[in-house]
Every structure is written in structure tokens, then in C-alpha cells.
Amino acid sequence: MSVSQQQVTEPDLDLVIIGAGFAGLAMLNRARELGLRSRVYEAGDGVGGTWYWNRYPGARTDSECYYYCFSFSEEIVREWTWSERYPGQPEMLRYFDFVADRFDLRRDIRFGTRIISAAFDEASGNWEVVTDGGERVRTSYVVTGLGLLSAPHLPDFPGLESFEGDWYMTSRWPQDGADLVGKRVGIIGTGATGVQAIPLIAQEAAHLTVFQRTPNYVVPAQNRPMEPDEIVELKAKHYEILQKARDHSFAMPFNPGHGPASGVSPEERQRIYEEGWASGGFRFLFETFDDLLVDSESNESAAEFIRSKIRETVHDPEIADLLSPRGYPYGGKRPPAGHDYYEAYNRENITLVDVSSAPIQEITPGGIRAGDTEYEFDVIVFATGFDAVTGALTGIDIRGRDGFELKRKWEDGPRTYLGLTAHGFPNLFTISGPGSPFANLPVCIEKNVEWIGNAIDHARREGIDTIEATREAEDDWVAQVQDVVSGTLLTQGEAVHSWFTGANIPGKAHVVNVWFGGANNYFAICDGVAEKGYEGLALSSRDRGQEAESAAAS
Ligand code: N01
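Residues numbered from 1 in each chain as written. Predicted model: local features only at pLDDT ≥ 70, side-chain atom pairs only at ≥ 80, totals over all residues. Heavy atoms only, no water.

## A look at the sheet that holds strand S7 (residues 166-169)
Item 1. The strand order S7-S16-S8-S9-S12 describes an open sheet built from 5 strands, whose pairing is parallel. Only two strands of the sheet have a single neighbouring strand rather than two, namely S7 and strand S12 (350-354). The mean inter-strand angle of the sheet, taken between neighbouring strand axes irrespective of direction, is 20°.
Item 2. Here strand S8 (residues 184-188) runs beside strand S9 (residues 207-212); their pairing, made up of 5 bridges, is parallel. Bridging from a neighbouring strand, Ile-187 pairs with Val-210 of S9.
Item 3. Across the sheet, helix H6 (residues 192-204) touches S8, S9, S12 and strand S16 (379-382), and the angle it forms with S8 is around 170°. (Pairing = 2+ DSSP bridges. Helix = DSSP H or I, 4+ residues; strand = E, 2+ residues; numbered from the N terminus. Axes fitted to C-alpha atoms, helices over the stretch in contact; angles between N-to-C directions. Contact = heavy atoms within 4.5 Å.)

## With respect to the confidence of the model for the chain
Item 1. Mean pLDDT over the chain stands at 95; residues scoring 70 or higher make up 96%.
Item 2. Low pLDDT, under 50, characterises residues 1-8; the stretch is placed with 3 contacts to residues that sit more than four places away or in other chains.
Item 3. Ignoring residues within four places in sequence, the model shows residues 546-554, a span with pLDDT below 50, making 18 contacts including any to other chains. (pLDDT = per-residue confidence, 0-100.)

## A few points about empty space enclosed by the protein
It is the rolling of a water-molecule-sized probe over the atoms that shows where space remains empty.
Item 1. A full pass over the atoms with the stated rule returns 8 cavities of 30 Å³ or more.
Item 2. In this structure, the largest cavity encloses a volume near 170 Å³.
Item 3. In this structure, the largest cavity is lined by 14 residues; those nearest its centre are Tyr-66, Val-77, Trp-80, Trp-82 and Lys-235.
Item 4. Put simply, the parts of the chain that give the lining of the largest cavity at least two residues each are helix H4 (74-79) and helix H7 (228-236).
Item 5. Of the residues forming the lining of the largest cavity, the biggest block, 3 residues, is contributed by H7.
Item 6. For the lining of the largest cavity, the per-class residue count stands at 11 nonpolar, 2 polar and 1 charged.
Item 7. Space inside the second largest cavity adds up to approximately 70 Å³.
Item 8. Residue lining of the second largest cavity: Pro-414, Arg-415, Thr-416, Pro-434, Gly-435, Trp-477, Val-478, Val-481, Gln-482, Val-512 and Asn-513, and that is the complete set. (1 Å grid on protein atoms, 1.4 Å probe; cavity = no way out; pocket = protein on both sides within 12 Å on 5 of 7 lines; lining within 4 Å. Points joined across faces, edges and corners; volume = space filled by probe spheres on them. Nonpolar A, V, L, I, M, F, W, Y, C, P; charged D, E, K, R; others polar.)

## Topic: helix H16 (residues 441-462)
Item 1. Its 22 residues place the ends of H16 31 Å apart at the C-alpha level, agreeing with the 32 Å of an ideal helix rising 1.5 Å per residue.
Item 2. Taken from the residues just after H16, Gly-463 is the one with a positive phi, measuring 70°. (Expected span 1.5 Å × (residues − 1).)

## Section: the pattern of salt bridges
Item 1. The tally for this structure, following the rule as stated, stands at 44 salt bridges.
Item 2. Two residues, Arg-271 and Glu-268, come together in a salt bridge whose shortest N-O distance is 3.0 Å. Of the two residues, Arg-271 and Glu-268 are both situated in helix H9 (residues 266-279); the distance of 3 residues between them amounts to about one turn of the helix.
Item 3. Taking the relative accessible area as the measure of exposure, Glu-268 reaches 28% and is therefore partly exposed.
Item 4. Across the pair Lys-532 and Glu-535 runs a salt bridge whose closest N-O atoms are separated by 3.7 Å.
Item 5. Take Lys-532: its relative accessible area is 52%, and that puts it in the exposed class.
Item 6. Residue class for Glu-535 comes out partly exposed when judged on its relative accessible area of 28%.
Item 7. Three or more residues joined by partner-sharing salt bridges are found here, namely Arg-32, Asp-104, Arg-107 and Asp-108. (Salt bridge = Lys/Arg side-chain N within 4 Å of Asp/Glu carboxyl O. Buried < 20%, exposed > 50% of the residue type's maximum accessible area, 1.4 Å probe, protein only.)

## Side note on the site of the ligand
Item 1. Taken together, 26 residues surround the ligand, and among them Arg-60, Thr-193, Arg-213, Thr-214 and Lys-333 come closest.
Item 2. Within the side chain of Thr-193, one N or O atom sits 2.7 Å away from an oxygen atom of the ligand.
Item 3. Burial of the ligand by the protein chains amounts to 89% of its free accessible area of 910 Å².
Item 4. Per element, the largest residue contribution to the shell around the ligand is 3 residues, and it comes from H6.
Item 5. Classifying every residue of the shell around the ligand gives 11 nonpolar, 10 polar and 5 charged. (Near = heavy atom within 4 Å. Polar contact = N/O pair within 3.5 Å; in protein donor to acceptor, adjacent residues only side chain to side chain. Areas by Shrake-Rupley, 256 points an atom, 1.4 Å probe, with all protein chains shown as cover.)

Structure, rendered in C-alpha cells:
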């Protein structure tokens, strides 16, 4: 190779990371430990990812603070103290700022810079990454930390451009907030976001009208301030708690439930549900009975308990009935955690409109027309969700070998190996990519970061230039992702527009796009793959002029 050729092919960086949320920051820290020349590109002007963008009223975690956090550094665990059981978005952002400053991460992050394309160059074995500012960077590896739920979905309602008031998407809420005081506000969407926003917006607005298509099973989060003694104890036990989370199917450090719901008397069942309700949030799902996601009758007993709570809380029986989910299992959509959600419907200034029977037809200059009725608003809020799991990735023009587009590869549904890599896209790793677990994400993310860091480190030590999923391993993983869900109730009720299956996005392939085979099992599978010399991955060395595929892959 001539010197000039070498200059052309030499990468500028070892690693480009896309996104500065949980995934991007943890990956940058790990990359530095490995001595990789790395840079993060982040579209926002600050760190935080999801927590940077989602500033809507009421935004807060649905998982408890002490396991919804970084664990990669003991210093962070020791030095950061949470104020609430479920921290609000401003506290989450302060946490991200603290971590970024504590590890001096910002110097390797380009803020306000969106990656628009990434193309694998067969000749050099490098990726060329292009930013919206026109910067071109050549890098050996690309790791995406884009988030499962980061590409906003705004349904194609006709007439939006004619609306004379203000409108906002919850996931792109203005940095300085939105003035809702004394306004007539309409909100579309009652998923986890709408459920958090509705009670808070109702407190500010003159009147709030909620457009609900599918009611959700909302269990109160039971938020409260953290107690000083409990903080000391949780910090001391952090790594024990982390291990418990890693051993749990949804990566939460929860105790098992009380066996099958049918295994106890009706009175005992009621007592356990009351206990779960008082514990709050996801604990109701995971610490009451162990078969709620696999047994229809058990699931229905939990669903009916929640409906009884709705009837108890909401004064108007007709509204209570409209808010009561039916026709799909509890857990068939990701269950939101509530903060006085059902209580909000007892306010004088809130109206619930059922748009399952009378769908939204259009946005008019004055408001929203649903069925034959027009509702007038000063402000419309869209809490209409995300093009989940794949949307942020296919939003970038990613091309692998032979210029093949990732978007085309995933036309009929995403295809990955372990959610981490895709055949035809060497040296590209996707943290929390399609086919990886949907569970408590910081724990899953840090396991992905550990695995990717080790894989890159292994490759560099062994003189391996490209790591790429084999077609066979990918086929097998894609099949497993679909198989493991078949024994559960998680995607039942096809009428439900769940993002789990892409069914919330018109025209998107309807396939399960996350791993529901247990986060704990997934971690064990990934560890096993690494232990077996990266089974299912082709490891190739260009210098040796040969395909040094791992023996296990062949
Ligand atoms: O989005 P969603 P989200 N006409 O897709 C409705 C995570 N999250 O942003 O159910 C009328 O759940 C749609 O109706 P339907 C969490 O994982 C986490 O709320 O399709 N309505 C639904 O009500 C969550 O699962 C946290 O019938 C329309 C809503 O819009 C995920 O993000 C907080 C419509 C969309 O609900 C997504 O939650 C918030 C139409 N044409 C979110 N189109 C925390 O952990 C859509 N809808 C703190």
C-alpha cells in the first residue's frame, strides 16, 4: 500500500457514538477506558437523550431512582443523591449534567449535531459518517445510542397547518415551557406520556379535553421523597441491587410474586393486589403474581382489580367506564405509572372524549373535529408516541456492505443478532437495538455497553478488523425474538396499536421488535456468545488477507 493510499484509508477516529443519553455517555466512558479515540454526536444541545427532549409537564421516571441510573462508576453512586422515588425530568437532567461533568465527557461530545448518514467503505473497512453540518468523519466503529423511543410520531391528521392556536408534541416540548395557563387545551394520546401530562396540564389549563382512543391500565406510581436512611442503605447495597436487577426478567430488582394468581383464595388474591397497588408502578405487575403475563385468567383478575380501582376513584360512572380498558390484557401495552391520573377526571375542567367510536377527522383552524363534533382549543398537545425501536435508526441513511440500506433490510421487520449487530453491517453496534430486551433500560444499556466494549477490545487485541453477524445467527435470533413472545400475552389483542409490534405506525411491518424472553436470559445469552469467542459473528482480518472467522461462527 502506498503512503498516499494509507493516508486516505486511515480513520480519523476509532469510534463514533451517536446520542448522548444513558447509552452514549456510558459507551463514551467505556471507550475511553479502552483507549479508543472516540467522539459522540448529539442532536440536542445537552446531554440526557430522552430526558433532554421530553420536557412535558409531569415527565418523570416510571422506574425507581436507585435502579434507573448509571452503575458504571462507584463515584456516581456515592456522590449523587436522589430526592424522589421517581425523579422528575429536571432532576434527571441535573443527573446527566453531573455525570457528564464528573467524567469530563463534554469535551468528546459534539452537541447540536445530527448524523445524517453512515456508510461502510468496503475498500478501507471504515465507516464514513456525515453530519448535518457537512462534516465527514472516518471511523473504525460506529455505536448507536439512539434510544428505543426517540423518533416522535405525529399522526397525519389533515389540517394541522391550518390550526390558528399553538401546538406541541410532548417529546419536543419547548425548553422554556409552554404557556397553558387559562387556555383551552386539547390533548391526543393516553399512553405513558399522556397519563403523566394530563393531571399536570389540567392544573394549569382553563379546560382540558382528553382524546382517548384506547384506555390504559394505570397503576399509581406512589411517588414520595427519598428518606435519608433509605438513601444510605441503597447506596451501600447498590451493586447487590444491580445484580438482583440483572437476574430479573425485566431488569428490575424485584422480589418474585406469589406464584400463580389461581393458587390462592379470592380473599388472599385481593389482599395481594391491594398490597401491590400500595407498592406502586411496575411492582403491581411483577410482585403480585408470577403468571400475569402468561395466563389469561390471572391477567383478567389483575385487570378487573384495576377496573375496580377506577370505579372507586372516578366519581362519574360513565367516565369511569370509558377509562376502563377492555379487550386486551394488562401488559399488552406498556402499562403507565400514574400520579393522580384517575383522580384528575374528577376535576370540573376536564372532559374525556372517546375517539375509538368517533375518530379524529381533522385539525381545523379552531381546534379538532372528531366524529361530527368540533372542539375549540387555544393549544393542542400531541402525546401520540414514537416510531419506536427502529425509527431513530432508519431515520439515518445507514448503508452497509455494497451500499445496502438498513432501511431496506428492515422493510419487513428489523433483523439483528442479539439486537446488537446486523449481517452486512460490520463494526456497527446498536445499543438497545431491535431484538434487544424492553426492560429497565439503564441496566440493559450498561450490559450492552460492556459487551460491545469487550468485543471491540477483543478485536483490537487479536488484530481483527471487522466484526459482523453471520446470516445464520441473525436468522436464528430473529426467529427467537418472535418465538419467545408466543407463550406470553404481551402482544395479544391485535386491535391494540402497541409500539411493541410497530402497529402504532401506519404502514410499518407488524412484528415484535423487542426481546421478551427475559432480560436476565438475554444477558446470559450475550455473555455466552462472548465466552464462546463471539459465536455467530464473523471476525475478519484484512492484513492477514484471510477471513479469520471465529471457529464458532462457522
Ligand atoms: O406513546 P404511546 P407514549 N388518534 O404509543 C394515541 C415510554 N415512556 O409516548 O393506544 C387518536 O404509548 C394512542 O392511542 P392508541 C414507555 O415505554 C416512558 O405515551 O394507539 N389517538 C395512545 O394513546 C411508553 O410505552 C415514560 O389507541 C392516537 C397515544 O397516542 C412509550 O414511551 C414516560 C392516534 C400514544 O401512546 C410510549 O409512550 C412516557 C390517533 N390517530 C413514555 N395516534 C417513563 O418511563 C396515536 N394515538 C417516564
